[in-house]
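Chain and residue survey
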Amino acid sequence: ELAAYVWDKRHEFHYTGLTAEPEEALNMALSQEKGPVFITDSGDNVTSGATGWNTYILRQVLRVENLQKKVLFASICDPKCYESLKETEIGSKADITLGVDHDAMSAPVKLSVVVKSKGDVVRAGTMGSAILKLYGHCVTVNVENTGIDIVVASSEKTFSSRTVFERAGVDWNDYDITVVKQGYIFPELKEAAAFYVMSLTDGATPQNTAAIPFKRIMRPMYPVDNI
């Protein structure tokens, strides 16, 4: 009886909070007059086991014509790119290739950048109160002639609280839009946000289960099949 009850309720299950396909999610964020605004890159959610190395939303933002917003990516994990930057002095220019090129989502992007700051990649408690462990380091760069800053990290840990941002050397209040590698947004970010949206990106942790190209499942199966 319980199984039948749950099955009858299947169409009532939905996301908590606002979700949108990637292009719509970005347009929503860009249209906000007040920040800070957060976009969660849900297909590359490192708290669910993803790698944090996808450059998809970065490439979306780079295609925006006459970008008027200041955008922070916190972060994109690329240990090789980080190694190429870690000895570069703050204020210096560099030409980098960001993206591990594992697949289409992590395709490399060639950028001319200026090094802005350096910091640590840490993991904090759920509410950001206690630092649990140092996981790596990061370099924040500005893409020349744009308002786009990227935290290039040696480790994939998510930017889940103000403490994590501070240890990395960045502040979400300095930006109109901040892109993080999460699914559901973490509490401190949610509290600070004027607006936030989950971008239903592809990747290792896709949230749109109906769109996953399953090959070995019993059919029919909801929600892959509309039953």
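Here, every reference points to the structure presented above.
Residues numbered from 1 in each chain as written. Predicted model: local features only at pLDDT ≥ 70, side-chain atom pairs only at ≥ 80, totals over all residues. Heavy atoms only, no water.

Regarding the overall build of the chain
Note the threshold: Strands are runs of DSSP state E lasting at least 2 residues, helices are runs of H or I lasting at least 4, and numbering of each runs from the N terminus. Computation of the radius of gyration draws on C-alpha atoms, with the globule rule given as 2.2 Å multiplied by the number of residues to the power 0.38. Any two residues having at least one pair of non-hydrogen atoms within 4.5 Å are treated as being in contact. Lys and Arg are tallied as positive, Asp and Glu as negative. Neither His nor the chain termini are counted. Charge placement uses NZ in Lys and CZ in Arg. For Asp and Glu, CG and CD serve respectively.
Counting its regular elements, the chain contains 6 helices and 9 strands. Its C-alpha radius of gyration of 18 Å places the chain within 12% of the 17 Å reference for a compact globule of 227 residues. Within the chain, residue pairs in contact and separated by at least 24 positions form 66% of the contacts whose partners lie at least 6 positions apart. Across the chain, the 23 positively charged side chains and the 29 negatively charged ones have centroids separated by 3 Å.

Looking at the side chain of threonine 158
Put simply, the test is: The term polar contact refers here to a pair of N or O atoms within 3.5 Å; inside protein, the definition further demands a hydrogen-donor-capable atom paired with an acceptor-capable atom, and it admits residues adjacent in sequence only when both atoms are side-chain atoms.
Locating threonine 158 in the fold gives a position in the loop between strand S7 (148-153) and helix H5 (162-168). A polar contact of 3.2 Å, which involves the side chain of threonine 158, links it to the backbone oxygen of lysine 181. A polar side-chain atom of threonine 158 sits 3.3 Å from a polar atom in the side chain of glutamine 182. Those residues within four positions of threonine 158 in sequence are excluded, and the remaining contacts are Val46, Thr47, Val122, Val164, Lys181, Gln182 and Phe186.

Focus: the layout of surface pockets
For clarity, the cut-off: Think of a 1 Å grid over just the protein atoms. A cavity is a set of points where a 1.4 Å probe fits yet cannot get out, a pocket is an open set with protein on both sides within 12 Å along at least five of seven lines, and lining residues have an atom within 4 Å of a point. Grid points are joined across faces, edges and corners, and a volume is the space filled by probe spheres set on the points. Each residue is assigned to one class: nonpolar for Ala, Val, Leu, Ile, Met, Phe, Trp, Tyr, Cys and Pro, charged for Asp, Glu, Lys and Arg, and polar for all the others, Gly among them.
The volume enclosed by the largest pocket comes to roughly 250 Å³. Lining the largest pocket are Arg10, Phe13, His14, Tyr15, Gln207, Asn208, Thr209, Ala210, Tyr222 and Pro223. Among the residues making up the lining of the largest pocket, the classes are represented as 5 nonpolar, 4 polar and 1 charged.

Digging into the pattern of salt bridges
Worth spelling out the cut-off: By convention in these notes, a salt bridge is any Lys or Arg side-chain nitrogen within 4 Å of a carboxyl oxygen on Asp or Glu.
Throughout the structure, instances matching the rule amount to 10 salt bridges. Between glutamate 83 and lysine 86 there is a salt bridge, with its nearest N and O atoms 2.9 Å apart. By sharing partners, the salt bridges in this structure join Asp41, Asp44 and Lys181 into a single network.

Some remarks on the pairing of strand S2 (residues 37-41)
To keep it simple, the criterion reads: Burial here depends on accessible area, computed with a 1.4 Å probe over protein chains only, as a share of the maximum for the residue type. Under 20% is buried, over 50% is exposed, and the range in between is partly exposed. At least two bridges found by DSSP between two strands are what make those strands a pair.
Summarising burial for S2: 5 of the 5 residues are buried, a large majority. Neither face of S2 is left uncovered, since the one carrying Val37, Ile39 and Asp41 and the one carrying Phe38 and Thr40 both have all their residues buried. Bridge analysis of S2 against strand S8 (residues 177-180) gives 4 bridges, and the strand direction is parallel. Note on S8: the bridge partner recorded for isoleucine 39 is valine 179. Two elements, S2 and strand S9 (residues 195-199), share 5 bridges in a ladder whose sense is parallel. Its bridge partner being in S9, valine 37 is matched across the sheet by phenylalanine 195.

As for a nonpolar patch on the surface
Worth spelling out the cut-off: Patch membership requires over 30% relative accessible area and the absence of a salt bridge. Like charges are linked within 9 Å, and nonpolar side chains (Val, Leu, Ile, Met, Phe, Trp, Tyr) within 5 Å. Residue exposure ignores everything except the shown protein chains as possible cover, and the areas themselves are Shrake-Rupley values with a 1.4 Å probe.
A cluster of nonpolar residues, Leu2, Tyr5, Val6 and Phe13, forms a patch on the protein surface that exposes about 490 Å² of accessible area. Position of valine 6 relative to the elements: it lies in helix H1 (residues 2-8).

Here's the deal with the side chain of serine 75
By the element assignment, serine 75 lies in strand S3 (residues 71-77). With relative accessibility at 5%, the residue serine 75 sits in the buried group. Apart from residues no more than four positions distant in its own chain, serine 75 is found in contact with Gly52, Val151, Ala153, Lys157, Phe159 and Lys181.

What to know about the packing of aromatic side chains
Keep this limit in mind: What counts as a ring pair is set by centres within 6.5 Å for rings of Phe, Tyr and Trp (its six-membered ring), and what kind of pair is set by the plane angle: stacked under 30 degrees, edge-to-face over 60, tilted for all other angles. Charge-over-ring contacts are defined here by two conditions on Lys NZ or Arg CZ: a distance within 6 Å of the ring centre and an angle within 35 degrees of the ring normal.
Under the defined criterion, the tally for this structure stands at 4 aromatic pairs. With a centroid separation of 5.2 Å and 90 degrees between ring planes, the pair formed by phenylalanine 159 and phenylalanine 165 is classed as edge-to-face. In terms of burial, phenylalanine 159 and phenylalanine 165 fall into one category: buried. One aromatic cluster is present, built from ring pairs that chain together Phe38, Phe159, Phe165 and Trp172. Seen from the ring of tyrosine 222, arginine 10 lies directly overhead, with NZ or CZ sitting 5.7 Å from the centre. Positioned above the aromatic ring of tyrosine 135 is the side chain of lysine 157, whose terminal nitrogen or guanidinium carbon lies 4.4 Å from the ring centre.

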